[in-house]
Amino acid sequence: MDKFTVLTAIAAPLPEANIDTDKIIPARFLKTTKRSGLGVHAFDGMRYNPDGSEKPDFVLNREPYRKAGILITHDNLGCGSSREHAPWALLDFGIRCVIAPSFADIFFNNCFKNGILPIRLPREICDALMDDARLGANGRLTIDLERQVVVRPDGEEIAFEIDPLRKHLLLEGLDDIGQTMQHEEAISGFEAARGRAQPWRTRIVID
């Protein structure tokens, strides 16, 4: 997982509440177990017409938001099913941070597990950040995770809260596997000792 330290990026304003995971990535695209390739289908029903052409009014189909790294919405982002494909699709599109007044719990947790920083801020602040985002390339936001602030284009800093452990894992780029591999030496020692204690066991190594 890529480390998250400081992100300066274009922010896309999407002033809607209750954007569920089926809107983020429709169920017909859930057959894959790969994390890559889903970005083109993110918000598929909102981005494309039935014939596959783009809807020109949808924010992510407009410049400069095609390259957005931050998404700002209203309440209850990520509600609905627990599909982990939703943060996969956002990340593959290029979104590293989502800002909203509230998130569905499972989606919130899945974001952290996949290197996306979800930030809870009051509705009025989200609306103000959307106004900044509507400036396009001139309205870039900076997310400083170490200092726990969102920096607006005029330099104003907005503090946000985050669990210390989750902050550490994002800063270090550690997903579940990465956390486990930090204990590789201890695990190898345990397995070696276990093998000596039980010589009849056959160890299988998969390259």
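Residues numbered from 1 in each chain as written. Predicted model: local features only at pLDDT ≥ 70, side-chain atom pairs only at ≥ 80, totals over all residues. Heavy atoms only, no water.

Applying the stated rule across the entire model yields 0 disulfides. Looking at the unpaired cysteine 97, the closest cysteine sulfur is the one in cysteine 111, lying at 9.4 Å. (Disulfide = S-S within 2.5 Å.)

What follows is about unusual backbone geometry. Cis geometry marks the peptide bond from glutamate 63 to proline 64, where omega comes out at 0°. Along the chain, the position of proline 64 falls in the loop between helix 2 (44-47) and strand 3 (70-73). Positive phi values are uncommon outside glycine, yet asparagine 18 reaches one of about 55°. Relative to the helices and strands, asparagine 18 resides in the loop between strand 2 (11-14) and helix 1 (21-24). In the Ramachandran plot, phenylalanine 43 falls in the positive-phi region, its phi being about 55° despite a non-glycine side chain. Tracing the backbone through its elements, the reader meets phenylalanine 43 in the loop between helix 1 and helix 2. Phenylalanine 43 sits in the buried class, given a relative accessible area of 2%. (Helix = DSSP H or I, 4+ residues; strand = E, 2+ residues; numbered from the N terminus. Buried < 20%, exposed > 50% of the residue type's maximum accessible area, 1.4 Å probe, protein only.)

Attention now moves to the sheet that holds strand 5 (residues 117-120). The parallel open sheet is built from 4 strands, whose spatial order is 2-3-4-5. Either end of the sheet is taken by a strand with one partner, and the two such strands are strand 2 and strand 5. In this sheet, adjacent strand axes meet at a mean angle of 20° when their direction is disregarded. As defined by bridge partners, strand 4 (residues 97-100) adjoins strand 5 across 4 bridges and the pair is classed as parallel. From the neighbouring strand, isoleucine 99 faces strand 5, where its bridge partner is isoleucine 119. Packing against the sheet, helix 4 (residues 105-113) makes contact with strand 4 and strand 5, and its axis sits at approximately 135° to strand 5. (Pairing = 2+ DSSP bridges. Axes fitted to C-alpha atoms, helices over the stretch in contact; angles between N-to-C directions. Contact = heavy atoms within 4.5 Å.)

Burial analysis of helix 3 (residues 85-93) places 7 of its 9 residues in the buried class, the great majority of the element. Of all the residues in helix 3, the buried ones are His85, Ala86, Pro87, Trp88, Ala89, Leu90 and Phe93. Elements in contact with the buried residues of helix 3: helix 1, helix 2, strand 3, strand 4 and helix 4. Directly after helix 3, the chain includes glycine 94, whose backbone phi takes a positive value near 125°.

The next thing to look at is the nonpolar core. A general feature of soluble globular proteins is that nonpolar side chains tend to end up buried together. Among the nonpolar cores identified, the biggest contains 58 residues, and Phe43, Ile70, Ile72, Ile99, Leu117 and Ile143 are the most heavily contacted of them. The element best represented in this core is helix 3, accounting for 5 residues. Leave out the neighbours within four places in its chain, and isoleucine 99 touches Ile70, Leu71, Ile72, Thr73, Ile119, Leu121, Cys126, Leu129 and Ile143. (Core = buried A, V, L, I, M, F, W, Y, C linked by side-chain atoms within 4.5 Å.)

The next thing to look at is the pairing of strand 1 (residues 6-9). What you see with strand 1 is a clean split: Leu7 and Ala9 sit on the buried side and Val6 and Thr8 on the side with no burial. Here strand 1 pairs with strand 6 (residues 141-144) via 4 bridges, running antiparallel. Its bridge partner being in strand 6, leucine 7 is matched across the sheet by isoleucine 143.

This brings us to the packing of aromatic side chains. This structure, assessed with the given rule, holds 4 aromatic pairs. Ring geometry for phenylalanine 103 against phenylalanine 107: centres 6.4 Å apart, planes inclined by 25°, an arrangement best described as stacked. Comparing phenylalanine 103 with phenylalanine 107, the two get one shared label, buried. Judged by centre distance (5.1 Å) and plane angle (85°), the ring pair of phenylalanine 108 and phenylalanine 112 falls under edge-to-face. With phenylalanine 108 and phenylalanine 112 both in helix 4 and 4 residues apart, the pair spans about one turn of that helix. Looking at phenylalanine 112, the relative accessible area reads 9%, which means it is buried. Taking the ring centre of phenylalanine 108 as reference, the NZ or CZ of arginine 120 above it sits at 3.9 Å. (Phe/Tyr/Trp six-rings, centres within 6.5 Å; stacked < 30°, edge-to-face > 60°. Lys NZ or Arg CZ within 6 Å of the ring centre and 35° of its normal.)

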